[in-house]
Amino acid sequence: MINIPLLPVKLGLRVLPDAWHAEIATRLFNHLMRGQTGAERIAEIDGVRLCLSIVDTGNELLFEIRGGRLERARRASAGTREWQVRIRGKLNDFLLLATRSEDPDSLFFSRRLALEGDTEIGLHVKNVIDAIEFDPRAHFVSVVGPWVVDVAQTLLFSNVTSRRTRNTTK
């Protein structure tokens with residue numbers, strides 16, 4: 001189970017406009033995808049308009065996949081549906097999905113998260129998201145370079161090893 005205090009997050013979601021939240025989410029998602037081997041699968045859903053509807057805060061975040069990246073979608077003209085796929089659920093269930101604290105299939109099959117709209121596209125979106133395995137080392141290598149990561153790893157592990165050696169000789 002995720003251990004984030006939800007009240008401050010919910011208050012922030014209720015106070016700030018949805019466009020701000022969508023912009024922050026797109027920047028975070030695209031940054032985290034740097035260096036990830038599964039990130040190229042995002043291109044499979046290029047052009048899809050996706051809505052995340054957080055029912056307990058009243059937020060609707062609109063996104064579009066363009067050029068293999070997640071982008072904040074602009075509102076559609078009046079009378080036009082703004083999304084092809086909407087995932088609806090409570091904030092905690094979205095956080096469980098994002099942090100992989102719970103299996104995505106169990107969240108959908110137990111109806112804690114609901115998929116609406118074009119179900120074929122929706123299932124494909126879910127499968128693409130589910131296929132991405134986050135590799136922290138690959139991410140850091142793509143952001144700061146392999147040399148910096150190797151040096152940091154060497155320093156970190158040499159420090160841990162020296163502490164263990166000091167503790168066992170006492």
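See the structure printed just above.
Residues numbered from 1 in each chain as written. Predicted model: local features only at pLDDT ≥ 70, side-chain atom pairs only at ≥ 80, totals over all residues. Heavy atoms only, no water.

S.K.: Mind laying out helix H5 (residues 119-131), listing which residues take part and the relevant values?
M.R.: Taking 1.5 Å of rise per residue, the 13 residues of H5 would be expected to cover 18 Å, and the 18 Å separating its terminal C-alpha atoms lies within 8% of that figure. Here H5 starts with a cap whose side-chain oxygen sits 3.2 Å from the backbone nitrogen of glutamate 120, and that cap is aspartate 118. (Helix = DSSP H or I, 4+ residues; strand = E, 2+ residues; numbered from the N terminus. Expected span 1.5 Å × (residues − 1). Polar contact = N/O pair within 3.5 Å; in protein donor to acceptor, adjacent residues only side chain to side chain.)

S.K.: Tell me about the sheet that holds strand S5 (residues 113-117), and please be specific about residues and values.
M.R.: Strand order in the open sheet formed by 5 strands is S3-S2-S1-S4-S5, with mixed pairing between adjacent strands. Lying at the two open borders of the sheet, with one neighbouring strand each, are strand S3 (69-72) and S5. Along the sheet, successive strands turn relative to each other by an average axial angle of 25°, direction set aside. In terms of strand pairing, strand S4 (residues 85-89) meets S5 through 5 bridges, oriented antiparallel. Looking across to S5, one finds that arginine 88 is bridged to alanine 114. (Pairing = 2+ DSSP bridges. Axes fitted to C-alpha atoms, helices over the stretch in contact; angles between N-to-C directions.)

In short, the description is geometric, and any link to function would need to be established separately.
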